[in-house]
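# Coordinate analysis (summary)
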Amino acid sequence: MKNIFKKLFLLTLLAGAITSCDMGDDKELNYGNEASVAQFPFADKTGFFLKSNSEIFTYEVPVELVGGNGLALDTDVAVSFEKLAYVDDASTTNDDTYVTAVEGTDFEFVNPVNSLVIPAGSTFASIPIKVISGNLDDTHPAVIVLNLTEVSASGAKVVSSGNKGKINVILQATCTSDLAGMYNLTTT
């Protein structure tokens, strides 16, 4: 008899909890109508490139739009960026040599204006970079540091991220293999 009363009590409590949680209409809910934020999804991004004097690779550095109401904007978002000459890291004193990639030697920007557009209806775009892999040093990867500087959209609140507005792009060269012939692998 005790078990029946416990089960009835739990069932009544569960039914009351289900019917009392009225989430309302989606049009009434506010999921955060604050500014959308343009940012890099990662602090570091490494690209691996076959070291070749005859090939130039295109590498994409992603930029995303987050926040706001969680949806894509219905207007284009213009994003400007800059290549930093050095990174001022307070924890080290030898930080001026951290940025080692040389524009025109190791890489070139596809768009020399240093801007991109996140199209209306989308939450991401990318910065295309041409990587001149034959000039890369496979033992000391070249590093580019990009910083988002300005973000604007017609009729929408957008800002550049304060803590995710900078990315270290590491250009790692890989060497070709000189192995030739057929190989068999036997595992036991």
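What comes next is a walk through the structure. Everything numeric here is computed off the predicted structure, so don't read it as measured data.

Another aspect to go through is the side chain of T75. By secondary structure assignment, the location of T75 is in the loop between strand 3 (56-67) and strand 4 (77-83). The class for T75 is buried, based on a relative accessible area of 16%. Those residues in contact with T75 that sit more than four places away from it in its chain are I118, A120, A153, S154 and A156.

With mixed pairing, five strands are arranged side by side in an open sheet as 2-10-8-4-6. Only two strands of the sheet have a single partner each, and these edge strands are strand 2 (44-50) and strand 6 (115-118). Ignoring strand direction, the axes of neighbouring strands in this sheet form an average angle of 30°. Sheet topology places strand 4 next to strand 8 (residues 142-153); seven bridges connect them, and they run antiparallel. What sits directly across from K83, in strand 8, is L146.

Once that is clear, we can look at the pairing of strand 3. Direction of pairing for strand 1 (residues 36-39) relative to strand 3: antiparallel, over a ladder of four bridges. Along strand 3, the bridge assignment pairs S36 with G67.

We now examine the nonpolar core. Within the largest apolar cluster, 32 residues are counted, with the highest numbers of intra-cluster contacts made by V61, V77, I127, I129, L146 and L171. Ranked by residue count, the leading element in this core is strand 8, at six residues. Sequence-distant contacts of I127, that is, excluding residues within four places in its chain, are made with F40, Y59, E60, V61, V63, F81, F109, L116 and L146. Counting residues in each nonpolar core, the second largest holds five residues, with L84, V143, V145 and I170 among its members.

With that settled, consider the packing of aromatic side chains. Tallying each qualifying case throughout the model produces four aromatic pairs. Summarising the aromatic geometry, the rings of F49 and F57 are spaced 6.0 Å apart at their centres and angled 40° between planes, so their arrangement reads as tilted. Overall, F49 belongs to the buried group, its relative accessible area being 5%. Site record: aromatic cluster; members linked through ring pairs are F49, F57 and Y59.

Cut-offs used in this document
- Residues numbered from 1 in each chain as written.
- Predicted model: local features only at pLDDT ≥ 70, side-chain atom pairs only at ≥ 80, totals over all residues.
- Heavy atoms only, no water.
- Helix = DSSP H or I, 4+ residues; strand = E, 2+ residues; numbered from the N terminus.
- Buried < 20%, exposed > 50% of the residue type's maximum accessible area, 1.4 Å probe, protein only.
- Contact = heavy atoms within 4.5 Å.
- Pairing = 2+ DSSP bridges.
- Axes fitted to C-alpha atoms, helices over the stretch in contact; angles between N-to-C directions.
- Core = buried A, V, L, I, M, F, W, Y, C linked by side-chain atoms within 4.5 Å.
- Phe/Tyr/Trp six-rings, centres within 6.5 Å; stacked < 30°, edge-to-face > 60°.

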